[in-house]
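Residue-level structural notes
Residues per chain are reported as follows:
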Amino acid sequence: MTALVERPRGRAPSTAAVRDQAVVASGQIAAGLGNMVFSLVMARILAPGTFAQFASFLALYLLLSMPGSAVSAVAALEPAKAARFRPALLLGGAGVGIALAVASPWVGPALRLPVAMVVVLGLSAPALGTLALDRGRLYGWNRHARLVASLVVEPAVRLLLGLALATAGGAVGGALGVTVAGYAALEIARRHPRGRPATTVDGPETEVEPAPKSAPPALPRAATWTVLAFLAVVVVQNQDLLIANRVLTPGQAGQFAVLSTLGGLSVFATMTVPLVLLPRSRAGEGGLLPALGITALIGGAAVGVVALAPAALVTALFGSQYRQVAGVLVLYMTAMSLLGIARVLVAHRCATGAGRSSLVLAAMAVAAQAGLIVSFGHDTRSVALSTTAAVSGLTVSLGVAEALRWERLRQRWASLHATLVRPVTLAVLGFSLTGLVVRLIVPRGLWLDEATSVDQARMSFAGMISNLRTTDVHPPLYFSVLWVSVRWLGSGELAVRLPSIIAGSLVVPMLYVLGKEAYDRRTGVVAAAVGSVAPIMVWYSQEARMYALLMLFGVIALWAQVRILNRGGRLVWVVYAVASIALVWTQYFGALQVVVQQLAFLYFIWARRRRGEPVRGLVIGWAVTLATIIIWLAPLLPFAYQQFHVNQTAGKGFGGPQQVGNATSLSGNHLSIYAGIANLLWAVWGYHSNAAMALMAAMWPLGMLFALVLLGRRHQRVTTLLVAAVIIPGVVMFALGTVKRNLFDIRYLSTAVPVLFVLIARMVTGISRKTVTVVAGTSLVIATMLVGLIDQQYNGTNPRTYDFRQAIEPVEAQARPGDIISYDPVDLREVVQYYAPKPVLEPVAALTTQSTAGHAVYVVASRSLMNGPSDAAALNKALTSLRAHDRLVMHRQLANVEIWEFK
């Protein structure tokens, strides 16, 4: 541990580490694709029964190869000394091969394999251990070109020779081709140029001849821990399949075998990353962060590809009988991607003297995984969840353990501790906690859009994506978050709103960060204080929709841009790019802020160049992030186009119910300046009754005058940026609203709301530099926010409040089998079903005297959500018919909801 801290910082450039990782990972991925192509071609040229035998041979071949990762790891640490163990590995492999050949007459029938195939498997055994050893030495010597050649030649020989042998000799011929390919890879891996010393990261080092038999070299202790730790990780990777075969039914075990096979692709793709890292970490040359980054990138790409169409992928590769695996495939693929990160951390820790503790953590994960599967593994999903829990725990514990070893982190913790006790920090933490508490107090039940989100999140992941593509108008990021939340926490009101509550609570400290970066610490504190109780931010933080997440990503993206313009830095460019991508993947109109920020970058580049300041770094960062954003948004375009096409074809347009968001007389059904004033008032003081909105709107000229005075006399470019982030999206949405009225709504301008409160905070701090004056101004603003918040949350005349919970829950409690709940408009189905899953549900238009005979009928309607006169006519017709044949028992009017009971 001391050596890690005190080692000199003379490390290779990070670009070299990234280059090495990228080269070897590319070779590994190419090898994996080649092997996959080989397997798919074999499936075409062999009969089904014969291919099953060949697939079993490949599984056994991989099983014999599994300990090779541990051998490669120790060889990468000690490339010269490891050569002395080649004879032992060769003899051991030969012994395994001879044993398989001798036992083949019994092993073959037991495994339902030809005896000759078992003999061929035995022939491959001597090469497996030595191949892993020699490849590990190539990692240690940084001979990456030869290493990639060894990786790629194996699938090449399989395709060239193996297919020819399979055509002539069937499955046994294909197996012989696989064995020959292994020896070809060994031949390339073991050869080194004559007359030149092998180069390690520590410097030149020559081959070391094996020691005399009388004095076999002892394996260094660090290498021993490395072998054992890597073996433990191999067990975590594979034991779930072995245990599943014992605890699940044969059909479920087959399902999990498919799941394990697909998850293994992610592990295979990142297998080389820790081995490239080992010698660098041993020499103190760094490389951990590039290794983690590449592993996360490959794993994330694997998860992303699978998440696009898991059912189609499983069906295409394995058949429709395994289609149900798709529901848990994304989760399991994520677990295997995390295991790749854990393997990287184990490699770094083993190379830097922490192998023993890594072994302990890996062994604990082995025990936890086995215990969870044995205790709770009753089906494919529960086994996958058990593995995910164990792998997540291993990855997090390794990360925490490694973080605690970093002296720099200790110093940062000391600095953080000193920062935490500052009055400003305590104030921001207090406001953040206040914001969380306020957002947890949710007085209203779910409404139409929230119930639709929950209904979609209850589907399989593939079903949800398909539903979004064909029935919705929003991108999939928020719904994916909600999908995970429902799987882990259930679908109760608090559970489905928790992602929004968390995101909305995080906006509060981000307001401080943005205000501090844009202006000063005082402005940041005021922004956080106001944002903690801002009515509209609280409202959407309590709604199971994407708007709180949109606000969070919008604030982060703006902070990152201001930080770049003020100080620069590489990491903040990454933050900016990720937040910008997430904005659009959360809500399509988030693209408006992305465009504004891109234009701002161009403006600042032009302004700095005009002043003669250097702009090269800013231009490069802008160009790279712009390209990254475009690449990551490209897959969203066909998704959005199909949504638009489906909705236009159905005559709905790209929006929701016509009256949603237009429920005040001030806003009206026709776009005007008053609609803009209404949205501005909603953004600042929340939703209120028509009378309250009209009163506030009458004072808008005073508000404009006050804003102009308080923004201050000095012109600051950052103020221009923030104002543009509010005004330009508002103008664009106003223009879109002239075409489709319901698009001009504060929901779709959520990114502008937090920025508006930063500007309000700047107005307050611009009054005076005196603390007393600023505190008084802040208190006045917060007081108006609190009044608006209380009225918004608890005043039943708020046109945005829909009390479906109070209307439907009593019906669910007293309804008997066969009773009917009818609803109008048809969009209410999901919210009615959420609160009343047991009674029969029918739209009002489908009610007939025959269907209601002998049963109680409850009619639930929301006139403000009706899409036109046809909905109101259907409701009146149904009520008239029910009154003619049944007795009206009850009629209640709640907030924007009516309910009738007929018997």
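Up top you'll find the structure we're talking about.
I will try to describe carefully the structure that is included in this document. Owing to the predicted nature of the structure, the values given are computational and were not obtained by experimental measurement. (Residues numbered from 1 in each chain as written. Predicted model: local features only at pLDDT ≥ 70, side-chain atom pairs only at ≥ 80, totals over all residues. Heavy atoms only, no water.)

Thoughts on the sheet that holds strand β4 (residues 840-843)
- A sheet is described by the order of its strands in space; here 5 strands give the open sequence β4-β3-β5-β7-β6, paired in mixed fashion. The open sheet has two free edges, formed respectively by β4 and β6 (888-894), since each of these has just one partner strand. Ignoring which end each strand starts from, the neighbouring axes of this sheet average 20° apart.
- Pairing of strand β5 (residues 857-861) with strand β7 (residues 897-902) involves 5 bridges; the strand directions are antiparallel. Bridge assignment links Val859 to a residue of β7, and that residue is Trp900.
- Sitting on the sheet, helix α36 (residues 804-814) touches β3 (820-824), β5, β6 and β7, and the angle it makes with β7 is about 20°.
- Together, β3, β5 and β7 form the strand contacts of helix α39 (residues 869-885), whose direction differs from that of β7 by roughly 25°. (Pairing = 2+ DSSP bridges. Helix = DSSP H or I, 4+ residues; strand = E, 2+ residues; numbered from the N terminus. Axes fitted to C-alpha atoms, helices over the stretch in contact; angles between N-to-C directions. Contact = heavy atoms within 4.5 Å.)

Some remarks on unusual backbone geometry
- The amide bond that connects Asp824 to the next residue, Pro825, takes the cis arrangement and shows omega of 5°.
- In this structure, Pro825 sits in the loop between β3 and α37 (829-835).

Comments concerning helix α18 (residues 423-440)
- In a regular helix each residue adds 1.5 Å, so 18 residues correspond to 26 Å; α18 covers 26 Å between its end C-alpha atoms and thus fits that length.
- Considered for burial, the residues of α18 that qualify are Thr425, Val428, Ser432, Gly435, Val438 and Arg439. All buried residues of α18 project into a common sector of 155° when viewed along the axis, lining one side. Opposite the buried face of α18, at more than 90 degrees from it, the exposed residues are Pro423 and Leu433. (Expected span 1.5 Å × (residues − 1). Buried < 20%, exposed > 50% of the residue type's maximum accessible area, 1.4 Å probe, protein only. Arc of directions from axis to C-beta.)

Some points on the side chain of Thr380
- With respect to the helices and strands, Thr380 occurs in helix α16 (residues 380-403).
- Under the relative-accessibility criterion, Thr380 is labelled buried at 9%.
- Apart from residues lying up to four places away in sequence, Thr380 is in contact with Leu248, Gln252, Gln255, Phe256, Leu259 and Val328.

A look at the pattern of salt bridges
- Inspection of every chain in the model, using the stated rule, returns 13 salt bridges.
- One salt bridge connects Lys838 with Glu812, and the closest N-O pair in it is separated by 3.9 Å. You can see Lys838 sitting in the loop between α37 and β4 and its partner Glu812 sitting in helix α36, a full 26 residues away along the chain.
- We classify Glu812 as buried; its relative accessible area is 15%.
- Notably, a salt bridge pairs Arg863 with Glu898, separated by 2.7 Å at the nearest N-O pair. One end of the pair, Arg863, is in the loop between β5 and α39; the other, Glu898, is in strand β7, and 35 residues separate them in sequence.
- For Glu898, a relative accessible area of 10% gives the class buried.
- Because the salt bridges share partners, they merge into one network encompassing Asp449, Asp745, Arg747 and Arg800. (Salt bridge = Lys/Arg side-chain N within 4 Å of Asp/Glu carboxyl O.)

Some points on the nonpolar core
- Counting 205 residues, the largest nonpolar core has Met537, Ile746 and Phe804 as its most contacted members.
- Considering each element in turn, this core owes the most residues, 17 residues, to helix α14 (residues 326-351).
- Among all residues touching Ile746, those that are not within four sequence positions of it are Ile536, Tyr540, Asn679, Trp682, Ala683, Tyr687 and Val753.
- Formed by 19 residues, the second largest nonpolar core is a distinct cluster that contains Met117, Leu121, Leu128 and Ala166. (Core = buried A, V, L, I, M, F, W, Y, C linked by side-chain atoms within 4.5 Å.)

Thoughts on the environment of Leu297
- Along the chain, Leu297 falls in helix α12 (residues 288-308).
- Exposure remark for Leu297: the relative accessible area of 56% places this residue in the exposed category.
- With 27 residues separating them in the primary sequence, Leu297 and Thr270 have C-alpha atoms 9.8 Å apart.

Considering a nonpolar patch on the surface
- Among the surface-exposed residues, Leu433, Leu436, Val437, Leu440, Ile441, Leu494, Ile790 and Tyr794 lie close enough to one another that they form a single nonpolar patch of about 770 Å² accessible area.
- Secondary structure elements with two or more residues in the nonpolar patch: α18 and α35 (771-794).
- Of all the elements, α18 adds the most residues to the nonpolar patch, at 4 residues.
- Relative to the helices and strands, Ile441 is located in the loop between α18 and α19 (448-457). (Patch = residues over 30% accessible without salt bridge, like charges linked within 9 Å, V, L, I, M, F, W, Y side chains within 5 Å. Areas by Shrake-Rupley, 256 points an atom, 1.4 Å probe, with all protein chains shown as cover.)

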